[in-house]
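Chain by chain, the residues:
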Amino acid sequence: MENDFKDLAIKYTGPKFDAHTHVWDLKLAEEHLTYVEDFNIKKSLAILDEDIAQNLSPELKERFIFARFLRSKTLLKGNAKDSANMVQEYYNQGYPIIKFWFGPRWIDYVDEEFKKKAGKLRLSNPIFDPIYSKIEELGLIFLVHNSDPDTYYERVYQPESKYGTKKEHLDSFEEVLKKYPKMKILGAHFGAQPEHLDNLARWFDTYPNYYVDASSARWMAREFSQNREESITFFKKYSDRILWGTDLSFGSQRHIEIPEYYFTRYLTYQALLETKVKNLALPFPDPENDNKTVINGLDLPMDVLENIYWKTAEKFFHGL
C-alpha cells in the first residue's frame, strides 16, 4: 500500500479540520494526536458517548470540539420530553453539538434491545419535535446520520417492507429541514447522498442552514470515483457547504493495526481529493463493493481544497 501512495502528487499543505471522529477511549484519542501531525490536522470534532471531555488535559482540549451522542435508547426508555431535557443537560455541560444516528439498522436495534417493533418510525415523526425544538432554541448544532449507502439498501436492508426505501428516509428528513429552518444542521457522510448529488444540490439551494461532512473514506471514494466529472462540478460549486471528515473511531478499532488504520483513510482522501490518480486500489477492504473499489482522483482546485479542509469548518463552528 505504501508504495502505491508514496509518489502521489499531493498539493494541499494547509491546515485541516477533521469534522467527524468518534472517541470511545481517551488514551487512543491522545495517541492519535501524535499521528495527525503528519497530515496537518489541527482540530477535530470528537463525538462522545459519555461525559469524558473534562478528563482531557487543557492543551489537548484545544485540539477538539466535542459533540454528545443522543442515543436511541434514551428516546425509547423515556419520552421525547425526557430526551429534550437530556439535550438541555448536554448544553449545560458545555457541549455545543448533538449527534443523532438514525440508520435503518435502528429498527433491528429496537427489536433486539427493547423487544418492540419500531415500525416505520422516521425522523419527521412528531415524537422528535421536542428534541429538535430544544436544539434550535439553545442554538446547538444538530449532527445527524439520516441514511446509509445505496449498496446497504440493495444488499442489507431487505425486505423493503421492513426497512423502507432510501427515498422515504431522505424525504422524511427533508421534512425536518423544512420545519426547522433556524436549526444549524450538519449531515453526516455527505448527507447520505454522494450517490444523489442532484438531490443534495437542491437541498443546498433550498436550505441555507444545511451543511454536510465528507466522512467515510470508503463510501466517498467509491461513489466519487465512479462519478468523477459530476463530483468535481459539485465540489467546485458547493465547497462552502462541505466539511472534510474521516469518521475515524478511537477505541472501537482495537482489532485493526494502529497507525495503519489512520493512515489508510488519510491517504485515501489525499488521493481522492488532491490527485489525478486513476484506478488506484482502495488500501482497505470494501466488502459492500466486493472489494473492487478504486480511487479516481478529483484533483480539486486549491481554493476548493482550502474550503473543504479548513475554511468551511472554521466558518461553521465559529465561536465554539
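As the structure is a computational prediction, the values presented were derived from the model and not from experiment. (Residues numbered from 1 in each chain as written. Predicted model: local features only at pLDDT ≥ 70, side-chain atom pairs only at ≥ 80, totals over all residues. Heavy atoms only, no water.)

Caption draft 1: Examining the side chain of glutamine 193 more closely. Turning to its location among the elements, glutamine 193 is positioned in the loop between helix H11 (188-191) and helix H12 (197-206). Given a relative accessible area of 0%, glutamine 193 falls into the buried group. One polar contact links glutamine 193 to asparagine 199, side chain to side chain, over a distance of 2.7 Å. When residues no more than four places from it in sequence are discounted, the contact partners of glutamine 193 are Leu170, Asn199, Leu200 and Trp203. (Helix = DSSP H or I, 4+ residues; strand = E, 2+ residues; numbered from the N terminus. Buried < 20%, exposed > 50% of the residue type's maximum accessible area, 1.4 Å probe, protein only. Polar contact = N/O pair within 3.5 Å; in protein donor to acceptor, adjacent residues only side chain to side chain. Contact = heavy atoms within 4.5 Å.)

Caption draft 2: Region of the structure containing the packing of helix H2 (residues 26-36) against helix H15 (residues 260-274). Close contact between H2 and H15 brings their axes to 11 Å; oriented N to C, the two are set at 45°. Between H2 and H15, the interaxial angle falls into the category oblique. Judged by the twist between their axes, the crossing of H2 over H15 is right-handed. Here Leu28, His32, Tyr35 and Val36 of H2 lie close against H15, whose contacting residues are Tyr262, Phe263 and Tyr266. Split by residue class, the contact of H2 with H15 holds six nonpolar, one polar and no charged. (Axes fitted to C-alpha atoms, helices over the stretch in contact; angles between N-to-C directions. Parallel < 35°, antiparallel > 145°, perpendicular 65-115°, else oblique. Left-handed = near helix turned anticlockwise from the far one by under 90°. Nonpolar A, V, L, I, M, F, W, Y, C, P; charged D, E, K, R; others polar.)

Caption draft 3: Just the packing of aromatic side chains, in detail. A complete count under the given rule lists 35 aromatic pairs for this structure. Ring centres of phenylalanine 39 and tyrosine 266 lie 4.7 Å apart, and the angle between their planes is 45°; this geometry places the pair in the tilted category. Of this pair, phenylalanine 39 sits in the loop between H2 and strand S2 (41-48) while tyrosine 266 is found in helix H15, placing the two residues 227 residues apart along the sequence. One exposure class covers both phenylalanine 39 and tyrosine 266, and it is buried. Considering the side-chain rings of tyrosine 261 and tyrosine 262, the 5.6 Å spacing of their centres and the 50° angle between planes classify their relative orientation as tilted. (Phe/Tyr/Trp six-rings, centres within 6.5 Å; stacked < 30°, edge-to-face > 60°.)

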